[in-house]
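Geometric and topological summary
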Amino acid sequence: MALSTVSRVRRQLPISPWLFAAPGLLITGVFILYPFGSTLANALTDRRTLIPGHFVGFANFRELWHDDMFWTGLRNSTLYILGVVPALVVLPLLLALLVQKNIPGITFFRSAFYTPVVASIVVVGLIWVWLLDERGLVNSLLETIGVGRIGFLSDQWLLLLSAMAVTVWKGLGYYMIIYLAALANVPRELHEAASVDGAGAVRRFFTVTVPAVRSTMVLVGALSSVAAFKVFSEVYLMAGPSGGPAGEDTTLVMLVQRTGTGLTGRVGYASALSVVVFVVTVALMLLVLRADRKEDA
């Protein structure tokens, strides 16, 4: 009786799908779930790099509330979203429209626009530092035409704007490919009908193209928002480990790195910062998805 019951359960719950899913589940558990759980646990302790921690409850999160550097990092990360996301939603769409037509040589331009995406962020950052340095190429040209040198990497706000420009420049090609895939599914008949009704290129863009790719624009907005809020490499390479002038250009992820590394790194406090970054990232995703659902309703 028992054997027949086991056989019946095995028939109802085949093991083959689980065997196929096992490698993915193992990778997810080892590289995502375990680090996430470990971060949550460390956030409730006063652990340091070489010193085991003791349970302190929510003391690290209470300290965040009174930490000026935390608010500076949150401000800069928020400004980064406001400066980067609109550009990465609109400019790649215009670029995709530009390279959408099949004309001789267009493949070269598509590849050229996509090249920054596959380039190493370290190489890209060093190139832009060389260009924007006080004695770099850009300042040399500005001095030649009589404008004078500009402290792109020494002024707090100019450094942040310069890092935003690098992020937009590097992400244009990636989101351009996403938009190209969406534009390929827009029926040509819609544009032809709008042209017959007398609509020009600009009007067709707002009445045909934008509504057709709106869901893709929401996707690009969500992806770029998360990436902008978690920005690290661009600002780190251009500002240096200290975070620019007096640390005023530090982002939240940079603050996590500076706080939690080193022989005396505050791993517990850095873990609390990481939890805040995770919560804000999820909140951003939910806000974007909710706004999309409201427009669909």
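Thresholds, definitions, all that
- Residues numbered from 1 in each chain as written.
- Predicted model: local features only at pLDDT ≥ 70, side-chain atom pairs only at ≥ 80, totals over all residues.
- Heavy atoms only, no water.
- 1 Å grid on protein atoms, 1.4 Å probe; cavity = no way out; pocket = protein on both sides within 12 Å on 5 of 7 lines; lining within 4 Å.
- Points joined across faces, edges and corners; volume = space filled by probe spheres on them.
- Nonpolar A, V, L, I, M, F, W, Y, C, P; charged D, E, K, R; others polar.
- Helix = DSSP H or I, 4+ residues; strand = E, 2+ residues; numbered from the N terminus.
- Patch = residues over 30% accessible without salt bridge, like charges linked within 9 Å, V, L, I, M, F, W, Y side chains within 5 Å.
- Areas by Shrake-Rupley, 256 points an atom, 1.4 Å probe, with all protein chains shown as cover.
- Salt bridge = Lys/Arg side-chain N within 4 Å of Asp/Glu carboxyl O.
- Buried < 20%, exposed > 50% of the residue type's maximum accessible area, 1.4 Å probe, protein only.
- Core = buried A, V, L, I, M, F, W, Y, C linked by side-chain atoms within 4.5 Å.
- Contact = heavy atoms within 4.5 Å.
- Axes fitted to C-alpha atoms, helices over the stretch in contact; angles between N-to-C directions.
- Left-handed = near helix turned anticlockwise from the far one by under 90°.
- Polar contact = N/O pair within 3.5 Å; in protein donor to acceptor, adjacent residues only side chain to side chain.
- Phe/Tyr/Trp six-rings, centres within 6.5 Å; stacked < 30°, edge-to-face > 60°.
- Lys NZ or Arg CZ within 6 Å of the ring centre and 35° of its normal.

Empty space left among the atoms is revealed by rolling a probe the size of a water molecule over them. Each pocket or cavity is described by its volume, and for the largest pocket that value is around 510 Å³. Forming the boundary of the largest pocket are 13 residues, of which L97, Q100, K101, H191 and T209 lie nearest the centre. Split by residue class, the lining of the largest pocket holds seven nonpolar, three polar and three charged. Estimates place the volume of the second largest pocket at around 290 Å³. In terms of lining residues, the second largest pocket is bounded by 16 residues, among which T167, K170, G171, A227 and E234 are the most central. Going through the elements one at a time, α4 (68-99), α8 (156-183), α11 (214-229) and α12 (233-239) are the ones with two or more residues in the lining of the second largest pocket.

This part is about a nonpolar patch on the surface. Taken together, the side chains of L26, I27, V30, F31, I32 and L33 present a nonpolar region at the surface, about 650 Å² in accessible area. Classification of L26 as exposed rests on a relative accessible area of 56%.

With that out of the way, let us pick up the nonpolar core. If you look at the biggest cluster of nonpolar residues, it comprises 62 residues, and the most contacted ones within it are Y80 and M238. Taken together, the elements giving at least two residues each to this core come down to α4, α6 (121-132), α8, α10 (201-212), α11, α12, α13 (252-260) and α14 (267-296). When sequence neighbours within four positions are dropped, the list of residues in contact with Y80 reads V85, L160, A163, M164, T167, A228, V231, E234 and V235.

We now examine the packing of helix α9 (residues 188-196) against α10. At a minimum axis distance of 10 Å, the contact between α9 and α10 shows a crossing angle of 145°. Crossing hand, α9 versus α10: right-handed. Here L190, H191, A194 and S195 of α9 lie close against α10, whose contacting residues are R204, V208 and T209.

Topologically, S225 is positioned in helix α11. Here S225 falls in the buried class, since its relative accessible area comes to 8%. From its side chain, S225 meets the backbone oxygen of G221 in a polar contact 2.6 Å long. Discounting chain neighbours no more than four positions away, the residues touching S225 are I81, V85 and L284.

In this section: the pattern of salt bridges. Tallying each qualifying case throughout the model produces two salt bridges. E63 is the salt-bridge partner of R266, the closest N and O atoms lying 2.9 Å from each other. Remark: E63 occurs in helix α3 (residues 59-65) and R266 occurs in the loop between α13 and α14; sequence separation between them is 203 residues. The exposure class assigned to R266 is partly exposed, which follows from its relative accessible area of 28%. For R149, the salt bridge goes to E143, with nearest N and O atoms at 2.7 Å. The exposure class of R149 is partly exposed, given its relative accessible area of 34%. Exposure remark for E143: the relative accessible area of 43% places this residue in the partly exposed category.

Next up on the list: the packing of aromatic side chains. Applying the stated rule across the entire model yields nine aromatic pairs. Taking the centre distance of 5.7 Å and the plane angle of 65° together, the rings of W128 and W169 count as edge-to-face. Of the two residues, W128 is situated in helix α6 and W169 in helix α8; the sequence distance between them amounts to 41 residues. Aromatic pair Y174 and Y175: ring centres 5.1 Å apart, planes at 75°, arrangement edge-to-face. Of the residues examined, Y174 reaches a relative accessible area of 37% and is grouped as partly exposed. By relative accessible area, which is 7% here, Y175 ends up buried. Site record: aromatic cluster; members linked through ring pairs are W65, F70 and W71. The aromatic ring of Y269 is capped on one face by R266, whose charged end is 4.5 Å from the ring centroid.

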